[in-house]
Amino acid sequence: QVQLVETGGGTVQPGGSLRLSCAASGSILTINAMGWYRQAPGRQRELVARIFDGGRTFYADNVKGRFTISRDNTKNTVSLQMSSLKPEDTAVYYCNAVAVTTIRQYNYDYWGQGTQVTVSP
């Protein structure tokens, strides 16, 4: 299995910055993609950003130009640098990995437990 541990959440004022990090561990054979999702109260979980094995990235329209995702394949980590934060960015942020393991030898979605990001004056 894959364990994902997120760090870096917290409270910040509008216009501020935060950096989220996520480390994957376990019986990993390969991680094909890593990313961040978020879920605000009363809303569905949504994709924020994703980075694929070859380095290609995807961003939701509402974070383009403000968030940057990066990955260290040697350490199985992914980070999300968030800048120019807005109150509407407030949510629980979840790390996601699409990985193949020794037990599940096919692509499978793994999730972290989530970290709260609050943007408030």
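Structural data are supplied above this passage.
What counts as what
Residues numbered from 1 in each chain as written. Predicted model: local features only at pLDDT ≥ 70, side-chain atom pairs only at ≥ 80, totals over all residues. Heavy atoms only, no water. Phe/Tyr/Trp six-rings, centres within 6.5 Å; stacked < 30°, edge-to-face > 60°. Buried < 20%, exposed > 50% of the residue type's maximum accessible area, 1.4 Å probe, protein only. Lys NZ or Arg CZ within 6 Å of the ring centre and 35° of its normal. Helix = DSSP H or I, 4+ residues; strand = E, 2+ residues; numbered from the N terminus. Pairing = 2+ DSSP bridges. Axes fitted to C-alpha atoms, helices over the stretch in contact; angles between N-to-C directions. Polar contact = N/O pair within 3.5 Å; in protein donor to acceptor, adjacent residues only side chain to side chain. Contact = heavy atoms within 4.5 Å.

*Asks:* Explain the packing of aromatic side chains here, please?
*Replies:* Ring pairs (aromatic) are described by centroid distance and by the angle formed between their planes. The final tally for this structure, using the stated rule, is three aromatic pairs. Between tyrosine 106 and tyrosine 108, the ring centres sit 6.4 Å apart and the planes meet at 75°, which makes this aromatic pair edge-to-face. Take tyrosine 108: its relative accessible area is 32%, and that puts it in the partly exposed class. A connected cluster of aromatic rings, assembled from ring pairs, spans Tyr106, Tyr108 and Tyr110. When the ring centre of tryptophan 111 is taken as origin, the NZ or CZ atom of arginine 45, which lies over that ring, is 4.7 Å away. Across from the ring centre of phenylalanine 52, 4.2 Å away, lies the NZ or CZ of arginine 56, which sits over that ring.

*Asks:* Would you mind showing me how to read unusual backbone geometry here?
*Replies:* Residues other than glycine predominantly adopt negative phi, and peptide bonds predominantly adopt the trans conformation. For asparagine 76, which is not a glycine, the phi torsion comes out positive at approximately 55°. Turning to its location among the elements, asparagine 76 is positioned in the loop between β7 (67-72) and β8 (77-82). Despite not being glycine, serine 84 shows a phi value in the positive range, around 50°. Residue position: serine 84 is located in the loop between β8 and β9 (91-101).

*Asks:* What am I meant to see in the sheet that holds β7 here?
*Replies:* Sheet strands pair by backbone hydrogen bonding; their relative direction is either parallel or antiparallel. Within the open sheet, the four strands sit side by side as β1-β3-β8-β7. Their pairing is antiparallel. A single partner strand is all that each edge strand has here, and the edge strands are β1 (2-7) and β7. Direction aside, neighbouring strands of the sheet carry axes that sit 15° apart on average. Where β7 meets β8, six bridges bridge the pair, whose relative direction is antiparallel.

*Asks:* Mind showing me how you'd approach the side chain of arginine 71 here?
*Replies:* Structurally, arginine 71 is set in strand β7. Given the relative accessible area of 19%, arginine 71 is considered buried. Looking at arginine 71, its side chain comes within polar contact range of the main-chain oxygen of isoleucine 31, at 2.6 Å. Of the polar contacts made by the side chain of arginine 71, one reaches the side chain of asparagine 73; its length is 2.6 Å. Apart from the residues within four sequence positions on either side, arginine 71 is in contact with Ile31, Asn32, Ala33, Met34, Ile51, Phe52, Asp53, Thr77 and Val78.

*Asks:* What should I look at first to understand the pairing of strand β3 (residues 18-26) in this one?
*Replies:* Along a regular strand, successive side chains alternate from one face of the sheet to the other. Of the strand pairs in this sheet, β1 and β3 are connected by six bridges, and their pairing is antiparallel. Counterpart to leucine 4 in the pairing with β3 is alanine 24. Relative to β8, β3 is paired through six bridges, and the arrangement is antiparallel. Following the sheet pairing, cysteine 22 is matched in β8 by valine 78.

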